[in-house]
Every structure is written in structure tokens, then in C-alpha cells.
Amino acid sequence: MASITIRRLDEAAKRHLRLRAARHGRSMEDEARIILSSAAAADGALGPSTQQAPPDSVPRPSPLPREDHSAGVREDRSARADSRVLLIVGGGIAAYKSLDLIRRLRERGILVRCILTRAAQEFITALSAGALSGERAYTDLFDPAVELDVGHIRLAREADLIVVAPATADLMAKMAAGSADDLASAVMLARDCRVLLAPAMNPSMWAHPATRRNLATLTDDGVILIGPNAGEMAEAREAGIGRMAEPHEIVAAALTLLASAGRDNALAGRRVVVTSGPTREPIDPVRYIANRSSGKQGHAIAAAAAALGAEVILVSGPATLPDPTGVTTVKVETARDMLAAVTRALPADVAVFAAAVADWRVEEPNANKIKKTQRGPPKLGLIENPDILATVAHMTRGRPRLVIGFAAETERMVEHAKAKLARKGCDWILANDVSADSGVMGGDINTVHLVTAEGVESWPPQSKEEVARALVERIADALVGMRA
Ligand code: CTP
């Protein structure tokens, strides 16, 4: 039945559905099913009296003025189907993943051109990159055919974003030094668009002072970093930080950058404080109370705010994610440390509280490891932690203009979120379902309901980066209308 419905959709709606499905890595039928079930869930959650647009018609919280939904499915502003990415593939074993990256970018309607360094051609061929991108792959600075056709300057200028994946230590060194002795480095020197770098190398090379120096130069030059991740290396028995970010992570970061192109400065001059990750409350020197939060949503919000030009201070509990580039990250352990770090980071225009703060701590953590005894398990006397969000939202002096919280709920989401909004005194709350089957805790997809004094908006299921992007765009729009 779903397929009959899809066949009957008009072309624009079909295209929109195809893009959404590709973005979420689902079939069109599955995507349609999810849209319908979240529409049904939203209707149920909000009751018949709440005016609610179908989720598919609100893929982004719309900036003012509201859009006319009567025309049916509207274009998804995040898709930017005509965006152009120039993918520079460096010579590392992770180059095979860049083929998947090309496919994923193309599925989102993005035009991809590839440059393969000489070393990259030891791992993949120009033929396979060209076949997947639908355009010849470029390899040689001194190829007369290329210079007569597009030329290295046009290759650089005709891109909305350059992605370097894998970015090897050698490629990073050349970029940092401004060398231009091959096509990839010459193009990097001639570019005027943003660059997203996905480093991949052995952990020792990544940790080497020379690489750290080059990285510092590149980030000073405005290059944006995704990864590297921690994990096993291609070489046997080697593990650590150095694995290239996964293609889906690179795509999400690229989409964030492409979508913010033209809005690069929407948060320029604004200071944003974000909390992220879990907190750890000690029981004794080796044990603690914590939760399953990964920090993905908070870190994505910090990165998205920085992409719009904000000065961002990310106060993060123990998370295994890399620090987002362009963001000052302050690492803390306990709820009380987090409150102190947030207080130090103020004043700010906006504060977003995405951390999963432990509600309770052990009143008197043991100085030594608690031993098993004949008397059985110890009794842990718990006391309540300070509520960081409520503390900041109730500040009488120096309160950020916009204080935003999350509501992690496992039932009656919107109802609980509305109560939290009132109780904590914040301006907006993003309610999300954190029950075990939602996969939100630690997962990549989030389905949120934005609860404000004006009402409730249900956003469709989307990646945490997309939620972050939608939120920071919404923040930028809201600040325009607010008094300083
Ligand atoms: N929060 C906070 N400090 C705390 C507890 C929560 O800043 N000590 C913030 C979270 O970062 C989030 C919001 O408050 O933005 C709601 O957190 P949540 O865990 O959903 O609610 P709780 O206040 O812990 O209430 P409950 O556990 O009863 O749902």
C-alpha cells in the first residue's frame, strides 16, 4: 500500500521523499512509514486542540515568517541539492571509504568532483571515483587536457566545500606549509571556500609534535576538522586515535557546512555556552554513578553554533568524542564541576543545556576503595545535585537572553516537557524520547519536540547534527528579534 501511495505522489513530493530517505539511509517506503507514525504520535501527544503541522512539512523549524503549508510538501532547505563538493582523496588505507562517501553525497543530490593524490591512486583508482561521482576524477597538475578544460583554479573556485578524506599526515603538512607542487595542494591554495578535513593516520603520527603543529596552523587558517576517531588501525595490534571519521559522520558535517553557507555569520558576535555528555559522581576512587549519554547531541550543537560564527564554550562531562573545532571545550567530571564551569563561562547570549546531569551524588564518597565485607553491600547515602539549567534560568543578573534545556523522557514526553519548562524557568525545551527502544541515548538519530511558551513543534526524526543545525538557525533568528 505504501508503494502505491508513493507512486501517486507528485514529482516534487517524490523528490523530497527520496532526499529524506537517502539522508536517513532508509527506503522511501520506510521513510513514509516513519513520517506517518510520527504524525500519528504527535497528534496523540498533543491532543486534538493543538494546531500541529504534519512532521514532513516542518523539516526545519522555520524562521519567521512561518511558511504556507497549504501548497503541500515544501522543499527541504537542508538538502541543497545543487551544492558542489570537491573531494580530495589522500593516500591512506581509509581511501576505500571515500568511495562510499562519494556515493552518500551523490545520494543527497550533491555534485561531487574528485581529486586523487598520487598516493591515493595506490589505494583506489580514478576510474572507480569517476564512476561513482559521475565525472572524471582529476589526478595531475600538469595534465594539459585538464588545464584546457577546467584548470586547477576553476576546480578550486567551483566548489562550495572542499572535503579532504582521508587527510594524511603528509597532505596536512603540505596544506599547512602552503606548498603547491601537485594538483591537490595547488587547489587548496587557490580555494576560497571552507575546508572539511577528515584526518586518518597511525596514532603515533597523529600524536607527533609535527602533526600537532600542522593541525594548529590549519585550524588557525579556518580549516574544520571531523575526527579522527579512536579505534583499531588497519595494522595488526595497533589501536588509538587516528581512524578516519565514518562516511556518514563526514556527510553530516558536510551538510552542516553546506547548509550554513551564506549564513556563516548568523551568530557572529554572540557567545554561546553549551553543556554536553554525562556527569560522573564518585562513590569511591574507582567507582562512580553515571548514565548512557554519549554527548553527541551537545557536541553537535556546539559545532553547529561555531559554524554560524558564534564564540562557543562547550562544558563537557566525560565523553569519548573529539573536541569540536572552533570551540573552547572545558572538561568536567561532576555536576558541581559543571555548574562551576558554566558559571565561569557566563555572561553569554545563549545557554543550551544538553548534558545528562546526574540528579544525585553520594553524600560522602569514600576516600579509599570500598571493600567487600561480611556486613554485605554498602548503603550509599544520596543527596541531590544542583540543577544547572534551573540555576542559570533563574539568575536575576546576567541571565543569558535565551536559556534552552532538554527534557529526557521515557513517557508522556510533551506533558513532562511543558512542566519542566515552567519549573526550570527556561525559554525553550527540546523534549526527546530516551526510552531503550528509541535508540536516542548513544545513537545518531533524534526526534525532538520544541516546547516554548508559544506552543509545541514536532520535528521529524533526523540526525543529531541536523537537530543541532535546525536549533542554532532557530536561535540566530530568535536573537535578531530580542533586545540586547
Ligand atoms: N539539568 C541540569 N542539571 C541537573 C539536571 C538536569 O542542568 N542537575 C538539565 C539538563 O541538562 C536538561 C534539563 O535539565 O537540559 C532536563 O534534564 P532531565 O534529565 O530531562 O530532567 P531532570 O531535571 O533530571 O528531571 P527528571 O529526571 O525528573 O526528569
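Residues numbered from 1 in each chain as written. Predicted model: local features only at pLDDT ≥ 70, side-chain atom pairs only at ≥ 80, totals over all residues.

A closer look at the overall build of the protein chain
Phase 1: In terms of helices and strands, the protein chain carries 17 helices and 21 strands.
Phase 2: Counting over 484 residues, the protein chain shows a buried share of 45%.
Phase 3: Taking the intrachain contacts of the protein chain between residues at least 6 apart in sequence as the baseline, contacts between residues at least 24 apart amount to 68%. (Helix = DSSP H or I, 4+ residues; strand = E, 2+ residues; numbered from the N terminus. Buried ≥ 20, exposed ≤ 12 C-beta atoms within 10 Å, placed from the backbone. Contact = placed C-beta atoms within 7 Å.)

Focus on the sheet that holds strand E4 (residues 194-199)
Phase 1: Taken in spatial order, the 5 strands of this open sheet run E2-E1-E3-E4-E5, and their pairing is parallel. Strand pairing shows two members of the sheet lacking a second neighbour, strand E2 (111-116) and strand E5 (224-225), which therefore form its edges.
Phase 2: Where strand E1 (residues 84-89) lies against strand E3 (residues 161-167), 4 bridges are found, and the strand directions are parallel. Bridge pairing in E3 places Leu86 opposite Ile162.
Phase 3: Packing of helix H12 (residues 247-260) onto the sheet brings it into contact with E1, E3, E4 and E5, and relative to E3 it is tilted by some 160 degrees. (Pairing = 2+ DSSP bridges. Axes fitted to C-alpha atoms, helices over the stretch in contact; angles between N-to-C directions.)

Regarding the site of the ligand
Phase 1: Residues in close proximity to the ligand total 15 residues, the closest being Phe353, Val357, Ile388, Leu389 and Gly405.
Phase 2: Contributions of two or more residues to the shell around the ligand are made by helix H15 (388-393) and strand E16 (402-409).
Phase 3: No other element matches E16, which puts 4 residues into the shell around the ligand. (Near = placed C-beta within 6 Å.)

Re the pairing of strand E19 (residues 448-452)
Phase 1: Most of E19 sits inside the fold, with 4 of its 5 residues counted as buried.
Phase 2: Direction of pairing for strand E17 (residues 428-433) relative to E19: antiparallel, over a ladder of 5 bridges. Note on E19: the bridge partner recorded for Ala431 is His449.
Phase 3: The pairing of E19 with strand E20 (residues 455-458) spans 4 bridges and is antiparallel. Pairing of Thr452 across the sheet is with Gly455, part of E20.
Phase 4: Between E19 and E20, which pair antiparallel in sequence order, lie 2 residues.

Observations regarding the packing of helix H13 (residues 296-307) against helix H17 (residues 464-480)
Phase 1: Here H13 crosses H17 at 45 degrees, and the two axes come no closer than 8 Å. As summarised for this structure, H13 and H17 are arranged oblique, according to the angle between their axes. Relative to H17, H13 is oriented so that their crossing is right-handed. Residues Lys296, Gln297, Ala300, Ile301, Ala303, Ala304 and Ala305 of H13 lie in contact with H17, whose contacting residues are Lys464, Glu465, Val467, Ala468, Arg469, Leu471 and Val472.
Phase 2: Broken down by class, the residue content of the contact of H13 with H17 amounts to 9 nonpolar, 1 polar and 4 charged. (Parallel < 35°, antiparallel > 145°, perpendicular 65-115°, else oblique. Left-handed = near helix turned anticlockwise from the far one by under 90°. Nonpolar A, V, L, I, M, F, W, Y, C, P; charged D, E, K, R; others polar.)

Comments concerning helix H5 (residues 126-133)
Phase 1: All buried positions along H5 are accounted for by Ala129, Leu132 and Ser133. What you see down the axis of H5 is that its buried residues fit within an arc of 95 degrees, all on one side.
Phase 2: Residue Gly134 follows H5 closely and has a positive phi angle near 80 degrees. (Arc of directions from axis to C-beta.)

A look at the sheet that holds strand E8 (residues 271-276)
Phase 1: Taken together, 8 strands build an open sheet; the order of strands is E12-E11-E8-E13-E16-E17-E19-E20 and the sheet is mixed. Two strands bound the open sheet, and with one partner strand each, they are strand E12 (328-331) and E20. Going from strand to strand, the sheet's axes swing by 15 degrees on average, the running direction of each strand aside.
Phase 2: The strands touched by H13 within the sheet are E8, strand E11 (311-316) and strand E13 (350-353), with E8 carrying the most contacts at an inclination of about 165 degrees.

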